[in-house]
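Each chain, written out:
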Amino acid sequence: MSAATVRSLLADGLAALGGRGEGGECTGEFRREAEVLLQHALGVDRAWLFAHADDEVAAAPAGQFRCFASRRAAGEPIAYIVGRREFFGLDLLVTPAVLVPRAETELLVELALERIPPHAALRIADLGTGSGAIALALAHARPRTRVLATDASAAALAVARENARRLAIANVEFVESDWFAALAGREFDLIASNPPYIALGDAHLGVGDLRFEPALALSSGADGLDAIRTIAREARHHLAPGGWLFVEHGHDQGRSVRDILGANGYTNAATACDLENRERVCGARA
């Protein structure tokens, strides 16, 4: 058997991922995934792949790449395979203990930053921090703030702490807490959260990448809104007067979340849409 080249391995990866159309053409998404997996197996960047397309690849990394492609073909998120994901310009470590940071969550960060003046020393909380994505993005963009990041999972907090260490972001404190349970007496100028919001039993939980992500970070009650109800109710006791609460939610939950915020005495409740024009984040003032 002839040795595999970079070019032939990419072709094999595309075939494994199902990335060939009926006419044999490759689709961009699948090609990019194959490239990312091969970069990881070889320890190189994307430019190297193009410059060395006809180079032969040793058996060990070639086998590693084929293993990665098989795992991805089975639905495992690429972020878990390569162990990292970019979020708001930060390179984050990711493990199966945390949700994979998603581009739509960057909207929550952008909205929060609009309420945090660049030089203000405000107190911020990120509830259910997971990999630390939201907390670290806010802390990095607003270095004078003090950010508290909580999670009920010790394993998730370990990932978040390691990300803070690697990125040398020092203005973040990590606390193991089930929402506000360990935060008695703590007050914040802004609270942000990407809580679980998928309904229990939703068919989406059994397909695609979601099958591999932590269930407790995905679903919350019969309508998916139990965690948001808890956060909205309890945040009132931890927000400074005039403070802001921002929560991510499902594309069809905007009106329900605004109703929850209104019922808990918040004002100025509004919903922002993501890049696909789907309702994604609600914000309101205490």
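For clarity, every value in this text was computed on a predicted model and none was experimentally measured.

Student: Please set out the overall build of the chain residue by residue, giving values where relevant.
Tutor: When you go through the chain residue by residue, the secondary structure sums to ten helices and nine strands. Its C-alpha atoms give the chain a radius of gyration of 21 Å, within 12% of the compact-globule value 19 Å for 286 residues. By its C-alpha atoms, the chain is 70 × 40 × 30 Å across when sized along the principal axes. Within the chain, the fraction of its 286 residues that count as buried is 49%. Here the contacts in the chain between residues at least 6 apart in sequence split such that 64% fall between residues at least 24 apart. In the form shown here, the chain has an accessible surface area of approximately 13,400 Å², with 52% of it arising from carbon and sulfur atoms. The centroid of the 29 positive side-chain charges in the chain is displaced by 4 Å from the centroid of its 37 negative side-chain charges.

Student: Explain the pattern of salt bridges residue by residue, including any values.
Tutor: Summed over the entire model, instances satisfying the criterion amount to 22 salt bridges. Between Glu33 and Arg72 there is a salt bridge, with the nearest N and O atoms lying 3.1 Å from each other. In this pair, Glu33 is assigned in helix α2 (residues 28–42) and Arg72 in helix α4 (residues 59–73), connecting sequence segments 39 residues apart. There is no split in this pair, since Glu33 and Arg72 are both buried.

Student: Which residues make up the nonpolar core, and what are the values?
Tutor: Ranked by size, the top nonpolar core spans 34 residues in total, and within it Leu136, Leu138, Val172, Phe174, Leu190 and Phe246 carry the most contacts. Elements represented by at least two residues in this core include exactly β2 (90–93), α6 (106–114), α7 (133–141), β4 (146–151), α8 (154–167), β5 (172–176), β6 (188–193) and β7 (239–248). Here this core gets seven residues from one element, more than from any other, and that element is α7. If near-sequence neighbours (up to four positions away) are discounted, Val172 is found in contact with Ala135, Leu136, Ala139, Arg146, Val147 and Ala149.

Student: Describe in detail the confidence of the model for the chain, supporting the description with residues and values.
Tutor: Summing up the model confidence of the chain, the mean pLDDT is 93 and the portion of residues at 70 or higher is 96%. When the criterion is pLDDT under 50, residues 20–25 qualifies, and its contacts beyond four places in sequence or with other chains add up to five contacts.

Student: Please provide a residue-by-residue account of the environment of Ile134, values included.
Tutor: In this fold, Ile134 is placed in helix α7. Each C-alpha atom of the pair Ile134 and Phe88 lies 8.7 Å from the other, and the pair is 46 residues apart in sequence. Discounting residues that sit within four places of it in the chain, Ile134 has contacts with Phe87, Thr105, Leu108, Val109, Asp126, Ala192 and Asn194.

Student: Would you mind going over the packing of aromatic side chains in detail, with residue names and values included?
Tutor: For the coordinates displayed, the defined rule picks out two aromatic pairs. When the ring of Phe87 is compared with that of Phe88, the centres are 6.4 Å apart and the planes differ by 40°; the resulting orientation is tilted. Geometrically, the ring pair formed by Trp244 and Phe246 is stacked, given 5.8 Å between the ring centres and 15° between the ring planes. Judged by relative accessible area, Trp244 falls into the buried class, the value being 9%. Of the residues examined, Phe246 reaches a relative accessible area of 4% and is grouped as buried.

Student: Got a sec to walk through the side chain of Thr150? Specific residues and values, please.
Tutor: Residue position: Thr150 is located in strand β4. When its relative accessible area of 0% is taken as the criterion, Thr150 is described as buried. Ignoring any residue separated from it by four or fewer positions in sequence, one finds Thr150 in contact with Asp126, Leu127, Gly128, Thr129, Leu157, Val175, Ser177, Trp179 and Leu183.

Student: Go over the packing of α6 against α7, please, and point to the residues and values.
Tutor: Contact geometry of α6 with α7 gives a least axis separation of 10 Å together with a crossing angle of 40°. As for the relative orientation of α6 and α7, their crossing is right-handed in sense. Judged by residue contacts, Leu108, Val109, Ala112 and Leu113 of α6 engage Ile134, Ala137, Leu138 and Ala141 from α7. For the contact of α6 with α7, the residue count by class is eight nonpolar, no polar and no charged.

Student: Give a detailed account of the packing of helix α1 (residues 6–17) against α4, specifying residues and quantitative values.
Tutor: At a minimum axis separation of 9 Å, α1 and α4 run at an interaxial angle of 20°. One element, α1, and the other, α4, form an angle in the roughly parallel class. Regarding α1 and α4, the two cross each other, and that crossing is right-handed. Only Ala62, Phe65, Arg66, Ala69, Arg72 and Ala73 of α4 make contact with α1, whose side of the interface consists of Leu9, Asp12, Gly13, Ala16 and Leu17.

Student: So, unusual backbone geometry: which residues are in play, and what are the values?
Tutor: Phi is mostly negative for residues that are not glycine, and the peptide bonds are mostly trans. Positive phi outside glycine occurs at Phe88, with the angle close to 50°. Inspection of the secondary structure assignment puts Phe88 in the loop between β1 (84–87) and β2. Judged by its relative accessible area of 28%, Phe88 falls in the partly exposed class. Positive phi is not limited to glycine here, since Asn277 has a value of about 60°. Mapped onto the elements, Asn277 comes out in the loop between β8 (267–273) and β9 (279–285).

Rules of the game
- Residues numbered from 1 in each chain as written.
- Predicted model: local features only at pLDDT ≥ 70, side-chain atom pairs only at ≥ 80, totals over all residues.
- Heavy atoms only, no water.
- Helix = DSSP H or I, 4+ residues; strand = E, 2+ residues; numbered from the N terminus.
- Rg over C-alpha atoms; globule rule 2.2 N^0.38 Å.
- Buried < 20%, exposed > 50% of the residue type's maximum accessible area, 1.4 Å probe, protein only.
- Contact = heavy atoms within 4.5 Å.
- Areas by Shrake-Rupley, 256 points an atom, 1.4 Å probe, with all protein chains shown as cover.
- Lys, Arg positive; Asp, Glu negative; His and termini not counted.
- Charge placed at Lys NZ, Arg CZ, Asp CG, Glu CD.
- Salt bridge = Lys/Arg side-chain N within 4 Å of Asp/Glu carboxyl O.
- Core = buried A, V, L, I, M, F, W, Y, C linked by side-chain atoms within 4.5 Å.
- pLDDT = per-residue confidence, 0-100.
- Phe/Tyr/Trp six-rings, centres within 6.5 Å; stacked < 30°, edge-to-face > 60°.
- Axes fitted to C-alpha atoms, helices over the stretch in contact; angles between N-to-C directions.
- Left-handed = near helix turned anticlockwise from the far one by under 90°.
- Nonpolar A, V, L, I, M, F, W, Y, C, P; charged D, E, K, R; others polar.
- Parallel < 35°, antiparallel > 145°, perpendicular 65-115°, else oblique.

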